[in-house]
Amino acid sequence: MTEPRSTNADLFEAAQRVIPGGVNSPVRAFGSVGGTPYFIARAEGPYVFDVEGRRYLDFVQSYGAIILGHAHPAVTEAVAKAAADGTSYGAPTQREVLLAELIAEAAPGVEQVRLVSSGTEATMTAVRLARGHTGRPRIVKFAGCYHGHADALLAAGGSGVATLGLSGSDGVPPNAVADTLVAPYNEVPELDDQVAAVIVEPVAANMGVVPPAPGFLEGLRAACDEAGALLIFDEVITGFRLGRGGAAERFGVTPDIACFGKVIGGGLPIGALGASTEIMQTLAPTGPVYQAGTLSGNPLATAAGLAVLDHLTSGFYNDLEATVTATAAQLDTMLLEAGYEASIIQEGTLLGLYMGQPPINDATWRPKNYDEARTTDEQAYARVHAQALDHGVAFAPGAYEAVFVSPAHTSNVIDEVLTAIAAT
Ligand SMILES: *Cc1c(COP(=O)(O)O)cnc(C)c1O
């Protein structure tokens, strides 16, 4: 074994030798904000601590996988207890049933649930299920929505009208996206009888935060019904974050298939998809659409998920929303005092941050789609990111990530840190 390395720079250098870009998910490499990523040693509540012993107020929260704050005792105890009983069996367990029951109870339109190991697997399976169930090939997605990294969903669209997807990544052959149509967010596209499904983030949270315009989700629902297509809500971020019933409940629109991830695993690898029994029975072993997973329904992930869901009462969400509202105001003040122009968009418990430049410094400005979201000043974001990091505040190292807040992000905690930034 090599010697232990204790600085971020040393670790990043070593990491880049054995891991492409030094990271296991691209955004972590700080490519778009510059600088050296901090390597985390541990985390607690609103804070993460790096290997150099520096503390950061963490607005990343594992990109939304953490909702109770880091290392919440209920979660760590549940995981430790589960681990002592074994880490994976390849056979069903009671906790899988309990978690599926809770998801089905909470999520509109969901009667049955299949647990998988990531959000990517959930959306990939949802697409296959929709195609298998309808017997149709085509998928419609929206520019700026992220649905994980399955080939068919890595399509890039032109702006303006719905366009046939171009491959959004090398290694994704044109064939893989030949049946993926990319439309602008917040506009209901025309659907024909070739469309198996429309997949959408019901609140887009991977281009900052772009809420659905009034009527958009209802319009998608109606268009899908008319065309005989399935409506897939990708609630990997919004599920159990906007409320127990996610965006479907918040906006009163019920999808045919819902995808989950992040929150429902309490920071352990998990994903899930759910739908009516009729649709879900299309999956193997009851139906012809194949899907499987060695670690699906993992005993540690389900233990963590159950521990988290146990805390997510309606009171929890009311409190969290108040915390998020307070945080938004504090961030606004901090950015203003530090000389930045910014728009902070709040949708319930979700926050998005767009930097400077007209039309963004119009207080009423809200991005409606990817083209508008992309007017954010990425350079200004990079400066804010670096300056904040210098003062012990960690925003995500990408201008299009949401700002994640937990109940541990109390006004006092945030004030203490943000005042330090504004003062410099
Ligand atoms: C994170 C995310 C995914 C992918 O989930 P992974 O667990 O990273 O594979 C899919 N959809 C949305 C909306 C996401 O935010």
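Rules of the game
Residues numbered from 1 in each chain as written. Predicted model: local features only at pLDDT ≥ 70, side-chain atom pairs only at ≥ 80, totals over all residues. Heavy atoms only, no water. Helix = DSSP H or I, 4+ residues; strand = E, 2+ residues; numbered from the N terminus. Buried < 20%, exposed > 50% of the residue type's maximum accessible area, 1.4 Å probe, protein only. Contact = heavy atoms within 4.5 Å. Pairing = 2+ DSSP bridges. Axes fitted to C-alpha atoms, helices over the stretch in contact; angles between N-to-C directions. Parallel < 35°, antiparallel > 145°, perpendicular 65-115°, else oblique. Left-handed = near helix turned anticlockwise from the far one by under 90°. Near = heavy atom within 4 Å. Polar contact = N/O pair within 3.5 Å; in protein donor to acceptor, adjacent residues only side chain to side chain. Areas by Shrake-Rupley, 256 points an atom, 1.4 Å probe, with all protein chains shown as cover. Nonpolar A, V, L, I, M, F, W, Y, C, P; charged D, E, K, R; others polar. Domains from an automatic or database assignment. Buried area = accessible area lost by both parts, 1.4 Å probe. Salt bridge = Lys/Arg side-chain N within 4 Å of Asp/Glu carboxyl O.

*Asks:* Got a sec to walk through the overall build of the chain? Specific residues and values, please.
*Replies:* Secondary structure summary: the chain contains twelve helices and 16 strands in total. The principal-axis extent of the C-alpha atoms belonging to the chain is close to 60 × 55 × 45 Å. Relative to its full complement of 424 residues, the chain shows a buried share of 53%. For the chain, the share of sequence-separated contacts (at least 6 apart) that also reach a separation of at least 24 residues comes to 70%.

*Asks:* Now, about the sheet that holds strand β12 (residues 257-260): what can you tell me, with residues and values included?
*Replies:* In space, the eight strands of this open sheet follow the order β4-β13-β12-β11-β10-β5-β9-β7, with mixed pairing throughout. If you trace the sheet from one side to the other, it starts and ends with β4 (112-116) and β7 (163-164), each paired once. Here three bridges tie strand β11 (residues 230-234) to β12, and the two strands are oriented parallel to one another. Its bridge partner being in β12, F233 is matched across the sheet by A258. Most of the contacts of helix α4 (residues 119-134) go to β12, to which it runs at about 165°, and overall it touches β4, β5 (138-142), β10 (195-200), β11, β12 and β13 (271-275).

*Asks:* Quick one: what's the story with the packing of helix α3 (residues 94-106) against helix α8 (residues 299-309), residue by residue and with numbers?
*Replies:* Geometrically, a packed helix pair is captured by the angle between its two axes and the distance between the axes. At their nearest, the axes of α3 and α8 sit 9 Å apart, and the two run at 40° to each other. Taken together, the axes of α3 and α8 lie oblique to each other. In terms of crossing hand, the pair formed by α3 and α8 is left-handed. Of the residues in α8, those in contact with R95, E96, L98, L99 and L102 of α3 are P299, T302, A303, G305, L306 and L309.

*Asks:* Outline unusual backbone geometry, supporting the account with residue identities and numerical values.
*Replies:* Cis geometry is adopted by the peptide bond preceding P285, which originates at A284 and carries an omega value of 10°. In this fold, P285 is placed in the loop between α7 (277-280) and α8. At Y63, a residue that is not glycine, the phi angle is positive and equals roughly 55°. Topologically, Y63 is positioned in the loop between β3 (55-58) and α2 (73-84). Classification of Y63 by relative accessible area gives buried; the value is 19%.

*Asks:* Describe the site of the ligand, with residues and values.
*Replies:* Taken together, S118, G119, T120, Y146, H147, G148, E201, N206, D234, V236, I237 and K262 make up the full set of residues near the ligand. One nitrogen or oxygen atom from the side chain of N206 is found 3.1 Å from an oxygen atom belonging to the ligand. The fraction of the free accessible surface of the ligand (380 Å²) that becomes covered by protein chains is 83%. Considered class by class, the residues forming the shell around the ligand number three nonpolar, six polar and three charged.

*Asks:* Outline the domain arrangement of the chain, supporting the account with residue identities and numerical values.
*Replies:* If you check the domain split of the chain, you get domain 1 (8-72 + 313-422) and domain 2 (73-309). Computed over C-alpha atoms, the centres of domain 1 and domain 2 are 25 Å apart. With 29 residues of domain 1 at the interface, the matching set in domain 2 holds 32 residues. Where domain 1 abuts domain 2, roughly 2,600 Å² becomes buried across the two surfaces, and 60% of that area is made up of carbon and sulfur atoms. Among the residues of domain 1 in contact with domain 2, H72, Y317 and E347 are the three that bury the most area, contributing 23% of the side total. Across the contact surface, domain 1 and domain 2 share one salt bridge. In this structure, R250 engages E347 in a salt bridge whose closest nitrogen and oxygen atoms are separated by 2.8 Å. Taken together, the links from domain 1 to domain 2 amount to twelve residue pairs in polar contact (both at pLDDT 80 or more). Among the secondary structure elements, those contributing two or more residues to the side of domain 1 that touches domain 2 are α9 (314-337), β14 (342-347), β15 (350-355) and α10 (370-373). Ranked by residue count, the leading element in the side of domain 1 that touches domain 2 is β15, at four residues.

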